[in-house]
Amino acid sequence: MIRFLILFFIFHVSFANERIYSCLGMSHFELAGASGAKEEKQNRKYRFENLILKDLNDIPCENVDGHLLCKSTLLNIRSVDFNLQTLTIEDSISGNKGFGHYIENFTGTCQIE
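For clarity, every value in this text was computed on a predicted model and none was experimentally measured. (Residues numbered from 1 in each chain as written. Predicted model: local features only at pLDDT ≥ 70, side-chain atom pairs only at ≥ 80, totals over all residues. Heavy atoms only, no water.)

### Points about the environment of F106
Then comes step 1: With respect to the helices, strands and loops of the structure, F106 is situated in strand 8 (residues 100–112).
Then comes step 2: According to the relative accessible area criterion, F106 is buried, its value standing at 1%.
Then comes step 3: Remark: the alpha-carbon pair of F106 and D91, spanning 15 residues in sequence, is separated by 5.0 Å.
Then comes step 4: What F106 contacts, discounting residues up to four positions off in sequence, is C23, L24, G25, M26, S27, Q42, R44, Y46, I89, E90 and D91. (Helix = DSSP H or I, 4+ residues; strand = E, 2+ residues; numbered from the N terminus. Buried < 20%, exposed > 50% of the residue type's maximum accessible area, 1.4 Å probe, protein only. Contact = heavy atoms within 4.5 Å.)

### With respect to the pairing of strand 4 (residues 59–64)
Then comes step 1: Sheet analysis places strand 3 (residues 52–54) next to strand 4, joined by 2 bridges and oriented antiparallel. Each bridged residue has a counterpart across the sheet, and for L53 the counterpart in strand 4 is I59.
Then comes step 2: Counting the residues between successive antiparallel strands, the hairpin from strand 3 to strand 4 contains 4 residues.
Then comes step 3: With 4 bridges connecting them, strand 4 and strand 5 (residues 67–72) associate as antiparallel partners. If you follow E62 over to strand 5, its bridge partner there is L69.
Then comes step 4: Where strand 4 folds back onto strand 5 in an antiparallel hairpin, the turn is made up of 2 residues, including D65, whose phi is positive at roughly 50°. (Pairing = 2+ DSSP bridges.)

### Quick notes on the confidence of the model for the chain
Then comes step 1: Chain-level statistics for the chain give a pLDDT mean of 87 and a share of 86% at 70 or above.
Then comes step 2: Within the model, the stretch residues 4–15 combines pLDDT values under 50 with 2 contacts to residues more than four positions away or in other chains. (pLDDT = per-residue confidence, 0-100.)

Okay, here's the thing in structure tokens:
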């Protein structure tokens, strides 16, 4: 019985801190050296679990004054600022792909799924 309670507690805690946000906003994509930038309206999903942004790479975050601040330099340079009070997000990423160096910025307003 005690094993069951321990397993139940671990299972409950592991899913208690997961939040998925659906964010609608503008994306600005620019390829270095190209003739112009591309802007478009996008709907993105962000999944946070225990102060980790779950993406292709798990990106550690800090809760600083009501903002989840996430930074990564693993495969590219990425910075996410998620305001927990206003549910707004700023997501910046830059790196290299087969076609050259790119920079993408996304700013949006989110809601909890």
